[in-house]
Amino acid sequence: MLTEPEHQEPETTTTARRLSLLAEQSARCAPACCGAVATISASGPERRVTATHPDLAPLASVQLACGDGPIPSALSAGEPVDTEDLLTEDRWPGYRALALESGVRSCVTLPFRRSGIEVTVSLYGFRPGSLTPLVRGPVGALAQETTTALVRDRRYRAALAEVEQLETALRSRPVIDQASGIVMHVLACEADEAFAILRTISQRANRKLADVAEAVVRTKGRGLESELSALAAPAD
């Protein structure tokens, strides 16, 4: 069985590390920023959240739970969402109340979407109007780079999985050919029919074709004559 190199981190670890680095570097881009949150969703509704401070994580969680807030709004619109002062903001009442309770007065969320991966990065400030549009340049560049890296990671792992499947198929082919030969000998049938019979047994028994083939080779077909004949018999 093909395994990843020892230095290759699990996908969840790699993704978490990239998100954490994105949040930390984004927060450093704005001196007035009190922290940042990065999120990712690669498939389905589940979204992973990384925050530079524990108090900021619930701000993302409440948005994702109720589907209302700067993060869902930015993802829906496909563009940044600014909030100059949450004290006068009339959108997202649940998020707004929690943010103000945490001392957050302003925020900006930038969304990024590529090849089925959605990434957001949100910056938070203790003062109203403290997160100027100037932060979008460097933060946007960081997030674009992170999104590209996450897409590259996913494609690499998909390629590894495809190679593993191919190697498994190549390893299984000789034993399947041997089993087909045994079935051909027992039933005096052609190769295509022998393979079809093995596949039928695999489906009925809910076992891998390679496992069925190994059983046939191991027993040399003994004890399977009646079953094979029944499968080979034409339907009434």
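Not measured: the values here are computed from a predicted model.

## Things to note about the packing of helix α2 (residues 57-66) against helix α3 (residues 70-77)
Orientation of α2 relative to α3, taken along the N-to-C sense of each, is 60°, at an axis distance of 8 Å. Comparing the axis directions of α2 and α3 gives the class oblique. On α3, the residues that touch Ala60, Gln63 and Leu64 of α2 are Pro70, Ile71 and Pro72. Of the residues that constitute the contact of α2 with α3, the class distribution is five nonpolar, one polar and no charged.

## Digging into the pattern of salt bridges
Enumeration over the complete set of coordinates arrives at five salt bridges. The partner of Glu118 in a salt bridge is Arg47, and the shortest N-O contact between them spans 2.7 Å. With Glu118 in strand β5 (residues 117-125) and Arg47 in the loop between β1 (33-41) and β2 (48-51), this residue pair connects regions lying 71 residues apart in the sequence. One salt bridge in this structure joins Glu89 and Arg91, with 2.7 Å as the shortest N-O distance. Note on Glu89: relative accessible area 12%, which makes it buried.

## Overview of the nonpolar core
Formed by 22 residues in total, the largest nonpolar core has its most connected members in Leu22, Val119, Val121 and Leu123. Those elements that provide at least two residues to this core are α1 (11-28), β1, β4 (106-114), β5 and α5 (136-187). When residues in this core are grouped by element, the largest group, five residues, is from α5. Those residues in contact with Val121 that sit more than four places away from it in its chain are Leu22, Ser26, Val37, Ala38, Val108, Thr109, Leu110, Phe112, Val139 and Ala143. Membership of the second largest hydrophobic core comes to 15 residues, among which are Ala60, Ala74, Leu86 and Tyr124.

## Quick notes on α2
Within the sequence span of α2, burial applies to Leu59, Ala60 and Gln63. End-on, the buried residues of α2 take up no more than an arc of 95°, which puts them together on one face. Residues of α2 that are buried in the fold lie against β1, β2, α3, α4 (93-101) and β5.

## Topic: the pairing of β4
The buried fraction of β4 amounts to seven of the nine residues, a majority that puts the element mostly inside the structure. As paired elements, strand β3 (residues 81-83) and β4 share three bridges and run antiparallel to each other. Within β4, the residue paired with Thr83 across the bridge is Cys107. As paired strands, β4 and β5 are joined by nine bridges and run antiparallel to one another. Across the sheet, Leu110 pairs through a bridge with Val121, a residue of β5. Taken together, β4 and the strand that follows it, β5, pair antiparallel across an intervening segment of two residues, in which Ser115 is found at a positive phi of about 50°.

Scoring rules and cut-offs
- Residues numbered from 1 in each chain as written.
- Predicted model: local features only at pLDDT ≥ 70, side-chain atom pairs only at ≥ 80, totals over all residues.
- Heavy atoms only, no water.
- Axes fitted to C-alpha atoms, helices over the stretch in contact; angles between N-to-C directions.
- Helix = DSSP H or I, 4+ residues; strand = E, 2+ residues; numbered from the N terminus.
- Parallel < 35°, antiparallel > 145°, perpendicular 65-115°, else oblique.
- Contact = heavy atoms within 4.5 Å.
- Nonpolar A, V, L, I, M, F, W, Y, C, P; charged D, E, K, R; others polar.
- Salt bridge = Lys/Arg side-chain N within 4 Å of Asp/Glu carboxyl O.
- Buried < 20%, exposed > 50% of the residue type's maximum accessible area, 1.4 Å probe, protein only.
- Core = buried A, V, L, I, M, F, W, Y, C linked by side-chain atoms within 4.5 Å.
- Arc of directions from axis to C-beta.
- Pairing = 2+ DSSP bridges.

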